[in-house]
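Secondary and tertiary structure notes
So the chains spell out like this:
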Amino acid sequence: MNRRSFLAGAGSLALPTLGTFPASAADGLALADMHFHQFFPGTLPVAMGPVKPLAQTMAAGNVTLLSWSLVGDLPWITRGPRGLTQKSVPEPGAGLRWLEREIERATAHVTSQGLKLAKTPADIDRALAGEPHVLISVEGATFLDDDVAHLDKAYALGVRHLQLVHYIRNELGDFQTEQPEHNGLTERGRAVVAACNRLGILIDLAHATGAVVEQTLAISKAPVIWSHSMIARRGVPDWTMPMPRVRHLGLAHAKAIAAKGGVVGLWAMRQDTGPTPDTYGRRLIELAALLGEDHIGIGTDMGALASPAIATYRDLRAAFATMERLGTAHEVMQKIAIGNYARVLKAALQAQA
């Protein structure tokens, strides 16, 4: 599906087309989201309606590169007083079976929408040129089941973006919402980093502790990302902080990711960004000043946040209109909107010997 038919198809679904946005240079931007969720009925402990048409969702803001994050530990977490926590331990093989089923459903939906999966650097170039693509990512490497070889299976299934840790204890490394037990990456975690480099899978450090960030940056042959969070501008967060502050990325670690060519994605948590697309756009400007225009991207966490600042991609388009109104150069907006994520993806997808 090319950009013209993408937008035309959205129009047939009674969606606003790009022409209804205020006329500005920001209207011509293609957008990327490094962290998007869409859950299937039966995968959450609440009733859900039908899966929303993905092409319609993307076309509302001309999103041409979307990382659809499948939550690898979803069956084994629950919401409690401290936020999301582990409720049980996966049985051997359960994580991989879960992932195989979810990828099958996700790819079927992508195909039914006339969209294409992004698996190669050439696919990323097509997304940059305006042809909408969906990248399959996984949040939490539960499917590895203590067997690094399972990563090859995930790659064969189409996974190109892997977040190492999420909300359950694992044999790869420590995560922010529980007390550390590994002092960062384990030996198996280091092996997974190397395997991601070998296969061509982008490493995502979101939810990881600072020690995991430091140790991964020291060994990865490709740039990495922190797909979705807020940046703590005072102090260094640790596991004792209450939610949602615990999910901050320390500024020093954000700068370390940037120094190695990586990208940090801003999520739409209103407690950090403010409640509106306007305040979200202003926070993007602030973060670009902190880390550099080449190291900021979008990671909305759409579908997983209550009352977010960015609830639709039309909202995200409005955030870029704010940035333009405040004097942000068009080439800077292009980098933040899609270029930075595309750059690190292409670098990671080139398998490292």
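For clarity, every value in this text was computed on a predicted model and none was experimentally measured. (Residues numbered from 1 in each chain as written. Predicted model: local features only at pLDDT ≥ 70, side-chain atom pairs only at ≥ 80, totals over all residues. Heavy atoms only, no water.)

**Re the overall build of the protein**
Helix and strand content of the protein: 12 helices and 12 strands. Within the protein, the fraction of its 353 residues that count as buried is 56%. The contacts of the protein with a sequence gap of at least 6 include a subset with a gap of at least 24, amounting to 71%. Carbon and sulfur atoms make up 54% of the accessible area of the protein, which totals about 13,800 Å². (Helix = DSSP H or I, 4+ residues; strand = E, 2+ residues; numbered from the N terminus. Buried < 20%, exposed > 50% of the residue type's maximum accessible area, 1.4 Å probe, protein only. Contact = heavy atoms within 4.5 Å. Areas by Shrake-Rupley, 256 points an atom, 1.4 Å probe, with all protein chains shown as cover.)

**Brief notes about helix 8 (residues 251–259)**
Those residues of helix 8 not exposed but buried are Leu251, His253, Ala254, Ile257 and Ala258. An end-on view of helix 8 places all buried positions within 165° of arc, on one side of the element. Opposite the packed face of helix 8, turned more than 90 degrees from it, sit the exposed residues Ala252 and Ala259. Residue Gly261 follows helix 8 closely and has a positive phi angle near 90°. (Arc of directions from axis to C-beta.)

**Here's the deal with the pattern of salt bridges**
A complete count under the given rule lists 15 salt bridges for this structure. Of the charged contacts, one joins Asp123 and Arg126 as a salt bridge, the two residues approaching to 2.7 Å between their closest N and O atoms. One end of the pair, Asp123, and the other, Arg126, are both in helix 4 (residues 121–128), 3 residues apart, so they sit about a helical turn from each other. Exposure remark for Asp123: the relative accessible area of 11% places this residue in the buried category. Glu181 serves as the salt-bridge partner of Arg169, at 3.5 Å between the closest nitrogen and oxygen. (Salt bridge = Lys/Arg side-chain N within 4 Å of Asp/Glu carboxyl O.)

**A closer look at empty space enclosed by the protein**
If you walk through the whole model with that rule in mind, you get 1 cavity of 30 Å³ or more. By volume, the largest cavity is sized at about 70 Å³. As for the largest cavity, its lining consists of Gln38, Phe39, Phe40, Thr43, Trp68, Ser69, Leu70, Val71, Leu74, Trp98 and Glu102. Looking at the lining of the largest cavity, the elements that each hand over two or more residues are strand 2 (63–71) and helix 3 (94–112). (1 Å grid on protein atoms, 1.4 Å probe; cavity = no way out; pocket = protein on both sides within 12 Å on 5 of 7 lines; lining within 4 Å. Points joined across faces, edges and corners; volume = space filled by probe spheres on them.)

**Observations concerning helix 7 (residues 210–219)**
If you check which residues of helix 7 are buried, you get Val212, Val213, Gln215, Thr216 and Leu217. The inward-facing, buried residues of helix 7 contact helix 6 (187–199), strand 8 (202–204), strand 9 (225–232) and helix 8.

**Examining the pairing of strand 1 (residues 31–36)**
Every other side chain in a regular strand lies on the same face of the sheet, so the side chains alternate between the two faces. Of all 6 residues in strand 1, 6 are buried, a share of seventy percent or more. Where strand 1 meets strand 2, 4 bridges bridge the pair, whose relative direction is parallel. From the neighbouring strand, Phe36 faces strand 2, where its bridge partner is Trp68. (Pairing = 2+ DSSP bridges.)

**Details of the packing of helix 7 against helix 8**
The contact between helix 7 and helix 8 brings their axes to 10 Å, and the two run at 15°. Classified by the angle their axes make, helix 7 and helix 8 are roughly parallel. As for the relative orientation of helix 7 and helix 8, their crossing is left-handed in sense. Listed contacts from helix 8 to Gly210, Val213, Glu214 and Leu217 of helix 7 are His253, Ala256 and Ile257. (Axes fitted to C-alpha atoms, helices over the stretch in contact; angles between N-to-C directions. Parallel < 35°, antiparallel > 145°, perpendicular 65-115°, else oblique. Left-handed = near helix turned anticlockwise from the far one by under 90°.)

**Some remarks on the pairing of strand 4 (residues 83–86)**
As judged from the 4 bridges shared by strand 3 (residues 77–80) and strand 4, these two strands associate in the antiparallel manner. Among the inter-strand pairings, Ile77 is bridged to a residue of strand 4, identified as Gln86. Linkage of strand 3 to strand 4, two consecutive antiparallel strands, is achieved through a turn of 2 residues.

**Here's the deal with the nonpolar core**
Burial of nonpolar side chains together is a common tendency in soluble globular proteins. Counting 79 residues, the largest nonpolar core has Phe143, Leu151, Leu162, Tyr280 and Phe320 as the members making the most contacts within it. Leaving out residues up to four positions away in the same chain, Tyr280 has contacts with Leu266, Trp267, Ala268, Thr273, Ile298, Gly299, Ala309, Ile310, Leu316 and Ala319. The next biggest cluster of nonpolar side chains, apart from the first, holds 18 residues, and it includes Ala32, Leu65, Ala348 and Leu349. (Core = buried A, V, L, I, M, F, W, Y, C linked by side-chain atoms within 4.5 Å.)

**A word on the layout of surface pockets**
In this structure, the second largest pocket spans a volume of roughly 350 Å³. Lining the second largest pocket are 21 residues, with Thr142, Asp146, Arg169, Asn170 and Glu171 sitting closest to its centre. Taken together, the residues of the lining of the second largest pocket break down into 8 nonpolar, 6 polar and 7 charged. (Nonpolar A, V, L, I, M, F, W, Y, C, P; charged D, E, K, R; others polar.)

**Regarding the environment of Pro75**
With respect to the secondary-structure elements, Pro75 resides in the loop between strand 2 and strand 3. For Pro75, a relative accessible area of 27% gives the class partly exposed. Residues Pro75 and Leu44, spaced 31 residues apart in sequence, show a C-alpha to C-alpha distance of 7.9 Å. Each residue touching Pro75, except ones within four places of it in the same chain, is listed here: Lys87, Ser88 and Trp98.

No statement about biological role is implied by the geometric values presented.
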